[in-house]
Amino acid sequence: MVIKRIVLAAVLLVVALVVQVSVLGRLQLPGATPDLLLLVVVGLALVFGPMGGSLTGFFGGLLADLAPPSDHAIGRYALVLCLMGYAAGLLRTEPGRQRSVLGPLLVVAGSAVLSTVLYALVGALVGDTAARHVGLTGLVFSALLYDLLLAPFAVPAVMLLARRFGGDQVGGEVTGPGLGTIARYRTTRQPSSVGPSTRKKLGVKS
């Protein structure tokens, strides 16, 4: 199970990075660049939970930090994607429950805004003032717009692959942490509706 998740995440991250650098990065769109790597991390985190999301985000961001033509400090984007993966993983829903299409889009919107702001803040701490010259507001708006346009094509596909090959559940039980696990824990702790005849057979007093 773990090996499948690692292999799947590695393949998706490498493919996303290649597309990011060779295609999306060369579109020369105004403002930010569509962040396919972020969308992959969000999609995997919504299935794997906070721990899997943070690890996926860290290694995905580290690949982006090391891949040419990267011109920023190593570890900067790894930190941002690690936090985004953890936050998105906290919003994971329990397997088997009906999932709204709006939910992942809201997670993508929040991740696009927060990742852009965090990236700029971390850059300011290490002396990178590029975001200040370009305009942080324009970067945030363009990142939000591009990622939301790309999300309906990328995030559902990533989540589908993660559930099919990464193992979202085994025997109906949740296999990873997240809000779904908490909900299941609370549900199983609720009083069960046991009838009088069953209580008598079990020797339970009313």
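Just so it is clear, the structure is predicted and the values come from calculations on it, not from any experiment.

A.B. asks: Quick question: what am I supposed to make of the overall build of the protein chain here?
C.D. replies: What the protein chain contains, in helices and strands, is eight helices and two strands. Partitioning the intrachain contacts of the protein chain with sequence separation of at least 6 by distance along the chain shows that 75% fall at a separation of at least 24. Taken as a whole, the protein chain presents about 12000 Å² of accessible surface, with 69% of it coming from carbon and sulfur.

A.B. asks: Is there a simple way to think about the packing of aromatic side chains in this case?
C.D. replies: For any two aromatic rings, the description comes down to two numbers: the centre-to-centre distance and the angle of the planes. Across all of its chains, the model carries two aromatic pairs by this definition. Ring geometry for Y77 against Y119: centres 5.8 Å apart, planes inclined by 85°, an arrangement best described as edge-to-face. Of this pair, Y77 sits in helix α3 (residues 76-90) while Y119 is found in helix α4 (residues 102-125), placing the two residues 42 residues apart along the sequence. Above the plane of the ring of Y119 lies R76, whose end atom (NZ or CZ) is 3.7 Å from the centre.

A.B. asks: Could you clarify how one ought to interpret the nonpolar core in this entry?
C.D. replies: Here is a general trend for soluble globular proteins: nonpolar side chains tend to be buried in one another's company. Judged by nonpolar contacts, the single largest core of 34 residues is most densely connected at L37, V40, V42, L44 and Y77. Of all the elements, helix α2 (residues 36-66) adds the most residues to this core, at 13 residues. In this view, Y77 contacts D35, L37, L38, G61, A64, D65, H72 and Y119; residues no more than four positions away in its chain are not counted.

What counts and how
Within each chain, residue numbers correspond to sequence positions counted from 1 in written order. Selection of residues for local features in this predicted model requires a pLDDT of at least 70, selection of side-chain atom pairs for listing and counting requires 80 or more, and totals for whole chains, interfaces and linings are taken over all residues. The basis for every side-chain value is the complete set of non-hydrogen atoms in the structure, without hydrogens or water. Counting from the N terminus, the helices are DSSP H or I runs at least four residues long and the strands are E runs at least two residues long. Contacts: residue pairs with any heavy atoms within 4.5 Å of one another. Note on areas: Shrake-Rupley with a 1.4 Å probe; residue coverage comes only from the protein chains shown. Here the aromatic set is Phe, Tyr and Trp, taking the six-membered ring for Trp, and pairing holds for ring centres within 6.5 Å; pairs whose planes are under 30 degrees apart are stacked, those over 60 apart are edge-to-face, and all others are tilted. Note on geometry: a ring has a charge over it if NZ (lysine) or CZ (arginine) is within 6 Å of the ring centre and within 35 degrees of the ring normal. For our purposes a nonpolar core is just a set of buried Ala, Val, Leu, Ile, Met, Phe, Trp, Tyr and Cys residues, chained together by side-chain atoms within 4.5 Å. Relative accessibility decides the category of a residue: with a 1.4 Å probe and only protein chains considered, values under 20% of the type maximum give buried, values over 50% give exposed, and everything between is partly exposed.

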